[in-house]
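What follows is each chain in one-letter form.
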Amino acid sequence: MANKVLRSSLGGLADKDLGSDHAESWTTAIIALDPASLASWASGPGSPGLVAMLDASFFTAEWAQISTSGLWQGAGLTTDGAASGGVWVTVEIHCDTGDSSGKIYIDGTLVITESPMTTASRRLEVGAGYTGQDPCLFYVDEVWVGPTRGSGAYFHDDFSSGNLDAWSFTADDITVVDDPFPPPPSPATIVRRRITLARANQGLTVRVQQQGSSAATEIYALETIVRSLDPGGGP
Amino acid sequence: MAKDILTIEGSFARGIVRDVPRHAEPQGGSYDLLDYLVDRPGMIYKRGGAKYQSVALSGENDLIGMAAPEFPGDARVIAFASDGSNTTAYDITTDTPGTGQDCESALILENPPLYVDRLIICDGRGTNPPKKGYLDSGTFVVADLTAGPPSAKYSCLHAGRLVLANSNDHPQRVWFGPALDIEPPRFTITAASAGAALAGSFTVATPLTSDFLAGAPFTVANSTGNDGTYTAASVSEDLLTIVPVEAVADGTGDGDLGLCWDTFNGYLDVDEEITGLASTQGVLLVFSRGQSQRVLGDIPPGYGVPSSEVNMALQPSVHVGCIDARSLVKDESWVYVANEIGVYAMNGAGQQSLTTKDDSSGVGSLWTLDMIDGFAPALGSVVAAGVFNSHLFVTVSRRENVEHDVTGQRNTIACFLPTGAWVRMSGGVGAFMYATRFAPFYEMYYALNDEAASDANQARRINDIFRPTSDNPSDPDGVDIEPLWETRTLGMAAGIGMKHYDLGHLTYLLSDAAADDPTFVVTESVGLEAGGAFVAVTESPLPDTNP
């Protein structure tokens, strides 16, 4: 069964109220940027916030977006690290009022640190919640929020339900779809599979017709055990 | 007492076998192999997709010819395109086609030969003399071939000369070009002495070449009153003055002169209309529809060469003809040619059929019944061949022939030359013309033989069909390659009578390119000659083999 992911386009937005304010939060989202949208963002306008942590009044604590030159960018407009399209990356947003900082990690590497950041964590928003840019498309495979890195104690959704019922509200073009960037298949192996052939007078011919495209097709042998039921030569 | 016999179809080395009943096909033979290749021992493997060589050539309907001339130090890929009325040559070596070069509606009916730095472009209609394609400061251009060649339809290079054959006036004639260069140099005239026959002369600035023999024809151009064709009577010892047989009308020393084609003496006539030329191992092969003759020797008649020194001679014919000069292709010491009977290999001394074999393990009936039946050379009816990677590709594009009750079809078969095994190719491989290139890298280009295809004006290249990966599971037009294997009649070692086929095992690799989940549909048909319908076995379809 195909992996389900969130698809956000043209102002699509999903918002989750975490229920209470948190002084510290770790948000982890596995996202993939549409290559055409990334190219568009990098050629001028930049992207809207893609994954964001906000307070109860929808004031931004920290978010991850793409800069006008195709780099990762925080809410304070600090930039670093070139973004790639068409591949899944892990974005982590760490908001901590204790040390007044917002940090963004890409695939486990710290790329952005911004301060002061004194906003409590209350609402998670994912989606390209801005309608002024087209194309504006990206995907989210899984997202979770907790008090410590990697925790999903506050919220978790892998979209396997096929809907967005777990979220507080959604807006515009945001849906759950099949993964557009599935991992390549594992290397194929040579197999020997049984087929049941017919009882036949005189002879038997086998036809093997491929359906669908393949990276490689190889046939090594067709073995049959033939039992003569009429060694005398037939009726 | 019943006995069990294990049979293994594990060798595919004979490829398709069609000249014996299915039940008599030898070990290693298959009834059908479509889009499988058999050049690796102990297996068959699916071909990969071909690739586009060029972008679509704007304003052109389709490609009617292809060439890969290896100009010295600067190999190029040339496509001949038709818009329905005119023929234009394009340099498609890179993604950006060069400016189209007008070929004056030339119908390209042969694989154009290369003479050092000039590609020979004959007009298959016999309307215009041959043209040359060459590089002018790195740009491919087309111009008339100089020195007055006849308006011949076919050409080849032989014994250092350009050989032309078949004009509308002389369809049986073979002409031999000048010896030292297919376009002899021109010499500046510095003085002219007017005079009657054998009494006038021309003096040139630099010594004439050694082939200005008495009796050799030459032309004078750009002169005051002396332009025309002459015959050399004598040349001075210092090679600076030439006396023509004809009168010299004007005494003004201007213009230039040079040898020209000796169309009056420099030829041989064969028995029938010529359909192609090929040179191999010092032998010139002259093809007609139903036979071929060979020419031995290296000194042709004409050009003032005394008859006692002429050593070119026609040899007896063999009944291996050529149906289309686009099927004439050379590789190693062989010339391959197709005709109504089959596909042949010739080496100047003998010939052998590649389609019909002594042990009946060939594809002669496939050729004669399914491919060439009802074929008549015409626009769009073409037999083309090309050699690449030890494979001979032969494509028959056949228009409908009501008289023979055959429909229009396009079929391509490929022969792995080391073993002589044939396979079939689906529509993504098939050409009006193939062109093999060696430098700077090995490749073969082709013009797709489907005028109705939306990409008929885009050239393709073939190398990647031998390298199937997830990058080329389809041909460039997006058509998936879905190979087919059909066995000979299995288990005949157990006799012809009632048998029980039970345990069967297929050993295979079927690798998914992405998330296409390819399958094998396995069907079976009972009877000696697969007379019944093919019915799916219980386990069909078999899945791919990715974990």
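1. Quick word on the overall build of chain B
Right, so step 1: Helix and strand content of chain B: 1 helix and 45 strands.
Right, so step 2: Counting all 547 residues of chain B, 55% fall into the buried class.
Right, so step 3: Contacts spanning at least 24 positions in sequence make up 57% of the contacts within chain B whose residues lie at least 6 apart.
Right, so step 4: Accessible surface for chain B amounts to roughly 20600 Å². Of this, 51% is attributable to carbon and sulfur atoms.
Right, so step 5: Separation of charge centres in chain B, based on 32 positive and 69 negative side chains, amounts to 4 Å.

2. Focus: the interface of chain A and chain B
Right, so step 1: In this complex, chain A contributes 49 residues to the contact, which on the side of chain B involves 81 residues.
Right, so step 2: Interface of chain A and chain B: buried area, both sides summed, is about 7000 Å²; carbon and sulfur atoms make up 54% of it.
Right, so step 3: Counting the contacts that link chain A with chain B gives 2 salt bridges.
Right, so step 4: One salt bridge in this structure joins Glu486 of chain B and Arg207 of chain A, with 2.8 Å as the shortest N-O distance.
Right, so step 5: At the boundary of chain A and chain B, one finds 42 residue pairs in polar contact (both at pLDDT 80 or more).
Right, so step 6: The set of elements that each furnish at least two residues to the side of chain A that touches chain B consists of β14 (191-196), β15 (199-200), β16 (204-211) and β17 (214-228) of chain A.
Right, so step 7: For the side of chain A that touches chain B, the element with the highest residue contribution is β17 of chain A, accounting for 15 residues.
Right, so step 8: Of the residues belonging to the side of chain A that touches chain B, the class tally is 22 nonpolar, 18 polar and 9 charged.

3. Quick word on the pattern of salt bridges
Right, so step 1: If you walk through the whole model with that rule in mind, you get 36 salt bridges over all chains.
Right, so step 2: Here Arg227 of chain A makes a salt bridge to Asp4 of chain B, at a shortest N to O gap of 2.7 Å. You can see Arg227 of chain A sitting in strand β17 and its partner Asp4 of chain B sitting in strand β1 (residues 3-9), one on each of two chains.
Right, so step 3: The partner of Arg22 of chain B in a salt bridge is Glu486 of chain B, and the shortest N-O contact between them spans 2.7 Å. Placement of Arg22 of chain B in the loop between β2 (15-16) and β3 (29-34) and of Glu486 of chain B in strand β42 (residues 484-487) is noted, with a sequence separation of 464 residues between them. For the pair formed by Arg22 of chain B and Glu486 of chain B, the shared burial category is buried.
Right, so step 4: Connected through shared salt-bridge partners, Asp15, Asp17, Asp21, Arg122 and Arg123 of chain A make up one network.

4. Some remarks on the nonpolar core
Right, so step 1: Grouped together as the largest cluster of nonpolar side chains are 75 residues, with contacts concentrated most on Ile219 of chain A together with Trp367, Leu392, Phe393, Trp485 and Phe520 of chain B.
Right, so step 2: Top element by residues in this core is strand β35 (residues 382-388) of chain B. It accounts for 6 residues.
Right, so step 3: By size, the runner-up hydrophobic cluster in this structure holds 39 residues, among which are Val51, Trp72, Met117 and Val126 of chain A.

5. Some thoughts on the packing of aromatic side chains
Right, so step 1: For the coordinates displayed, the defined rule picks out 20 aromatic pairs over all chains.
Right, so step 2: Between Tyr139 of chain A and Phe181 of chain A, the ring centres sit 5.7 Å apart and the planes meet at 90°, which makes this aromatic pair edge-to-face. Here the residue Tyr139 of chain A occupies a position in strand β11 (residues 137-146), and Phe181 of chain A occupies one in the loop between β13 (169-178) and β14, the gap between them amounting to 42 residues.
Right, so step 3: With relative accessibility at 9%, the residue Tyr139 of chain A sits in the buried group.
Right, so step 4: Relative to Phe466 of chain B, the ring of Phe388 of chain B has its centre 6.1 Å away and its plane inclined at 45°; by these criteria the two rings are tilted.

Each value, and the rule that gives it
Residues numbered from 1 in each chain as written. Chains lettered and ligands numbered in written order. Predicted model: local features only at pLDDT ≥ 70, side-chain atom pairs only at ≥ 80, totals over all residues. Heavy atoms only, no water. Helix = DSSP H or I, 4+ residues; strand = E, 2+ residues; numbered from the N terminus. Buried < 20%, exposed > 50% of the residue type's maximum accessible area, 1.4 Å probe, protein only. Contact = heavy atoms within 4.5 Å. Areas by Shrake-Rupley, 256 points an atom, 1.4 Å probe, with all protein chains shown as cover. Lys, Arg positive; Asp, Glu negative; His and termini not counted. Charge placed at Lys NZ, Arg CZ, Asp CG, Glu CD. Buried area = accessible area lost by both parts, 1.4 Å probe. Salt bridge = Lys/Arg side-chain N within 4 Å of Asp/Glu carboxyl O. Polar contact = N/O pair within 3.5 Å; in protein donor to acceptor, adjacent residues only side chain to side chain. Nonpolar A, V, L, I, M, F, W, Y, C, P; charged D, E, K, R; others polar. Core = buried A, V, L, I, M, F, W, Y, C linked by side-chain atoms within 4.5 Å. Phe/Tyr/Trp six-rings, centres within 6.5 Å; stacked < 30°, edge-to-face > 60°.

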